[in-house]
Amino acid sequence: MKKWINKSFGRRIAAFFIPAVTALILIIAGVNYYIYYSAFSKEIQGNIERIVTQGNYTIDLYFQDIKTTVALLADDDDLLYMLTNYEDMSLQERFYQQEAIDQALRNTSLMRSHIMDCLIVGVNGYQTNMPDRYALKNGIRILEEDWMKDSVDNSDHRFFFTGAHPADYYYGRNVVSNNVISVIYPVERYGELLGYIIVDLDFQKMNDIISEGNNVDGLNFLVSDSDGRIVFSGEQEEINTQLPAEATEKLGEKKAFSFSFRGTEFFCTHEKSSTTQWEFLGLISKDNIARPVMRILRILVFLVLPCSIFMAVVLSVVISIRVKEPLEELIDQIEQVDIDDPKPFTVRNSVGEIEYLAEKITGMSRKITNLINQVYKAEIKSKDAQIEALISQINPHFLYNTLQLIKTESMKGKPQEVSDTVNCLSRFLRYTINNRKLFVPLSDELEYIRVYVEIYKKRFPGKYELRIQAEEELKEIAIPKLTLQPIVENAIKHGLSGKEGAGMISITAVGGEDLLIIIEDDGVGMEEEAIEKLLAYIHTPDDSGEHVGLRNIQERLTLGNGEGYGIVKIESEPGKNFRMYVKIKRG
């Protein structure tokens, strides 16, 4: 990335402007988001708290009205007479008494539309409900219903508010969609429990009452009892389920809090009903609170930011063109400079810094002309002499052993083998001593290795084999002379000499941007720790030790190619193989 950016002024300027503009817009977006989010949050939270307070107040009034009406109904003489004497009354008396009770019910405010029904259930078996409502099923035992048990067991004989339950005690009613909440009041006389007045509240009507005055989009309402059980919700499936434990804990601690519900993070504020002791909760998802702010943020990120980046790119191009014009003129003059006869560099329509640069380049070119013959040529000669000295380091033991081989073959009376060995040795010496070239084609170096290994094969019949893999085009690449011989010698001496049976030396040339030569043997191999020591030794400028030939290669390739070339990698599996990678710069 850095290399790509540094290719032109336009890219460098753009690399500065674009991140700077982007960071500025993002900072502005972040600041706006924080400020507006805080402001919107406070405003919405304040609205929700007011709505919840008003809703809770409305519900309290609603239940207080019901309680007052029910309490008055409980004092009706006709009703008390029926609950006291029902079992002893004749059918005719019951009929007329029931008409009086129905009239009393018609005269109460319980006939309003949001009241689904009012049931009167006596402990003596008497049961009735409001006239003109659904008829109760015959034989239904309301006092034994699960939702009545807590009220029946209530020793305080006070108003009791049930959770949601199905109104399944009527003929012809869809009980699945008609859950109700009941307000239950025990009817007593002289301390004796006579029965109960049960008022069923219509869920939909309650929802209308609760939602009245709600002007906040996405605001939902829940009503839960003291145990955290949901007794009212706009979602039917949530009724009689438990609030999350974290919400139940916070109800007694905080006026407002956040918690996870329905897989969403909600902001919640609540009020406790003084009438029912239920908690009235207003919930709104944090996404709804953040939605207005997100609109502003999207405008900044998806409209303002791209436009700003586009302007930064245009500005970068304009500035780079103005800067590049004098520099390109200066570059043209540099490309045409004659190092033997340098001329002054001049730039038209330029600024002071570039004119100063032109003056410095003029002086530098003159100094280069003066120094090139004194320093550069002398350094080249010194490097050539150093490389020639390194090439001349030939292991004298190899020559001695080869002459001993010739002597042995001659004593055995094998003139043809003597002739072959002498021929190999002469080719070997011609290549190393008489040929003063510093670089040779890869094909010559490989042929030299074949001769070298052939001499070893004569000394140790059946012990060594050589395999070379190199494409023809790679064989024309010039490499430093005697690059491979020390490595092959190392393979024979350390890799294969200790192996039982025949050993194989493989040389593979791989093309690419550079030439990579892989020398491998299937000998005894080397441990990882020993490999690390060998690599450290090879790259240490010191002439002592037993691997002088390998260090010789590394020094020559470093001198001729630069850092990053030479013996770049060694791999080995102990007891299986040893592999060395040599990297050589093309040309």
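Counting restarts for each chain, with residues numbered from 1 along the sequence as it is written. pLDDT decides what is reported in this predicted model: residues at 70 or higher carry local features, side-chain atom pairs at 80 or more are listed and counted, and totals for whole chains, interfaces and linings draw on all residues regardless. Derived side-chain values reflect all non-hydrogen atoms in the structure, with water molecules and hydrogen atoms excluded from consideration.

**What about unusual backbone geometry?**
Positioned with a positive phi, Y190 is a non-glycine residue whose angle comes to about 55 degrees. The helix count covers DSSP runs of H or I at least four residues long, the strand count covers runs of E at least two residues long, and both are numbered beginning at the N terminus. As for its placement among the helices and strands, Y190 is situated in the loop between β5 (179-189) and β6 (192-202). Phi angles above zero are rare outside glycine, and L482 is one such case at about 60 degrees.

**As for the sheet that holds strand β7 (residues 220-224)**
Pairing between two strands requires that DSSP report at least two bridges joining them. As summarised here, the arrangement of the five strands in space is β8-β7-β11-β10-β9, forming an open sheet in which the pairing is antiparallel. Looking at strand neighbours, the two that pair on one side only are β8 (230-233) and β9 (256-261), the edges of this open sheet. The average angle at which neighbouring strand axes cross in this sheet is 30 degrees, direction not considered. With six bridges joining them, β9 and strand β10 (residues 264-272) adopt antiparallel strand pairing. In the strand pairing of β10, A256 is matched with T269. Every axis corresponds to a line fitted to the C-alpha atoms, with the helix fit spanning only the stretch in contact, and the corresponding angles, defined between N-to-C directions, vary from 0 to 180 degrees.

**Side note on helix α15 (residues 528-538)**
Categorising residues by exposure relies on relative accessible area from a 1.4 Å probe, with only protein chains included: less than 20% of the type maximum marks a residue as buried, more than 50% marks it as exposed, and the intermediate range marks it as partly exposed. Those residues of α15 that sit buried are I531, L534 and I538. The buried residues of α15 occupy an angular sector of 65 degrees when the element is viewed end-on, so they sit on one face. More than 90 degrees from the buried face of α15, the exposed residues found are E529 and K533. Our arc is simply the arc of the directions from the helix axis toward the C-beta atoms.

**Some points on empty space enclosed by the protein**
In this analysis a 1.4 Å probe is tested at points of a 1 Å grid over the protein atoms alone, and where it fits but cannot get out there is a cavity; an open set with protein on both sides within 12 Å along at least five of seven lines is a pocket; lining residues have an atom within 4 Å of a point. Grid points are joined across faces, edges and corners, and a volume is the space filled by probe spheres set on the points. Going through the model one piece at a time under the given rule, you end up with two cavities of 30 Å³ or more. There is about 50 Å³ of room inside the largest cavity. Lining the largest cavity are N56, I59, F63, V223, S273, T276, W278, E279 and F280. Of all the secondary structure elements, the ones that give two or more residues to the lining of the largest cavity are α2 (9-74) and β11 (279-285). At three residues, α2 tops the list of elements feeding residues into the lining of the largest cavity. Partitioning the lining of the largest cavity into residue classes produces five nonpolar, three polar and one charged. Approximately 30 Å³ is the volume attributed to the second largest cavity. Every residue lining the second largest cavity is listed: I487, N490, A491, I519, D521 and F578. Of all the elements in the fold, those that place two or more residues in the lining of the second largest cavity are α14 (485-496) and β16 (515-521). Charged residues are taken to be Asp, Glu, Lys and Arg, nonpolar residues to be Ala, Val, Leu, Ile, Met, Phe, Trp, Tyr, Cys and Pro, and polar residues to be all remaining types, Gly included.

**Here's the deal with the pattern of salt bridges**
The salt bridge criterion pairs a side-chain nitrogen of Lys or Arg with a carboxyl oxygen of Asp or Glu, the two atoms within 4 Å. Summed over the entire model, instances satisfying the criterion amount to 15 salt bridges. Residues R450 and E447 are paired through a salt bridge, measuring 3.4 Å at the closest nitrogen-oxygen approach. Taken as a pair, R450 and E447 lie in helix α12 (residues 442-459) at a separation of three residues, close to a single helical turn. Residue classification places R450 among the partly exposed positions, given a relative accessible area of 35%. Residue classification places E447 among the partly exposed residues on the basis of a relative accessible area of 35%. A salt bridge links E454 to K457; the shortest N-O distance between them is 4.0 Å. Of this pair, E454 and K457 both sit in helix α12, separated by three residues, roughly a single helical turn.

**What about the pairing of β11?**
Two faces make up the sheet, and in a regular strand the side chains alternate between them. Burial analysis of β11 places seven of its seven residues in the buried class, the great majority of the element. Every second residue of β11 is oriented toward a common face, with E279, L281, L283 and S285 on one face and F280, G282 and I284 on the other, all of them buried. Alignment of β7 against β11, held across five bridges, turns out to be antiparallel. Considered in β11, the bridge of S224 is made with E279. Where β10 meets β11, seven bridges bridge the pair, whose relative direction is antiparallel. By the bridge assignment, F267 is partnered in β11 with I284. Hairpin connection of β10 to β11: six residues between the antiparallel strands, including Q277 at a positive phi of 65 degrees.

**Some points on the pairing of β6**
By the criterion of burial, β6 is predominantly enclosed, with nine of the 11 residues buried. Bridge count between β5 and β6: 10 bridges; the pairing is antiparallel. Across the sheet, the residue bridging to E188 is L193, located in β6. Count of turn residues in the β5/β6 antiparallel hairpin: two residues, of which Y190 carries a positive phi of about 55 degrees.

**Examining the environment of N577**
Of note, N577 is situated in strand β18 (residues 577-584). Linking N577 and L496, residues 81 residues apart in sequence, is a C-alpha distance of 9.6 Å. Two residues form a contact once any of their heavy atoms are found within 4.5 Å. Setting aside anything within four residues of it in sequence, one finds N577 in contact with E520, D521, D522, G523, G525 and S572.

**Focus: the layout of surface pockets**
The calculated volume of the largest pocket comes to roughly 540 Å³. In terms of lining residues, the largest pocket is bounded by 25 residues, among which F160, F161, T162, G163 and R229 are the most central. For the lining of the largest pocket, the secondary structure elements donating two or more residues are α5 (146-152), β3 (160-161) and β4 (165-166). In terms of residues, the lining of the largest pocket owes the most to one element, α5, which gives three residues. Each residue belonging to the lining of the largest pocket can be placed in one class, and the counts come to eight nonpolar, eight polar and nine charged.

**Points about helix α16 (residues 548-561)**
The span one expects for a helix is its residue count, reduced by one, times 1.5 Å. Along its 14 residues, α16 runs 20 Å from first to last C-alpha, staying within 8% of the 20 Å computed at 1.5 Å per residue. Along α16, the residues classified as buried are L550, R551, N552, I553, Q554, R556, L557 and N561. Count one or two residues on from α16 and you reach G562, which has phi positive near 105 degrees.

**Some remarks on the nonpolar core**
Generally speaking, soluble globular proteins have nonpolar side chains that are buried together. Side-chain atoms within 4.5 Å link the members of a nonpolar core, which is a set of buried Ala, Val, Leu, Ile, Met, Phe, Trp, Tyr and Cys residues. Of all hydrophobic cores here, the largest spans 52 residues; its most connected members are F63, V199 and L201. Here this core takes 11 residues from α2, the largest share from any one element. Residues I487, A491, I492 and I570 belong to the second largest nonpolar core, which totals 46 residues.

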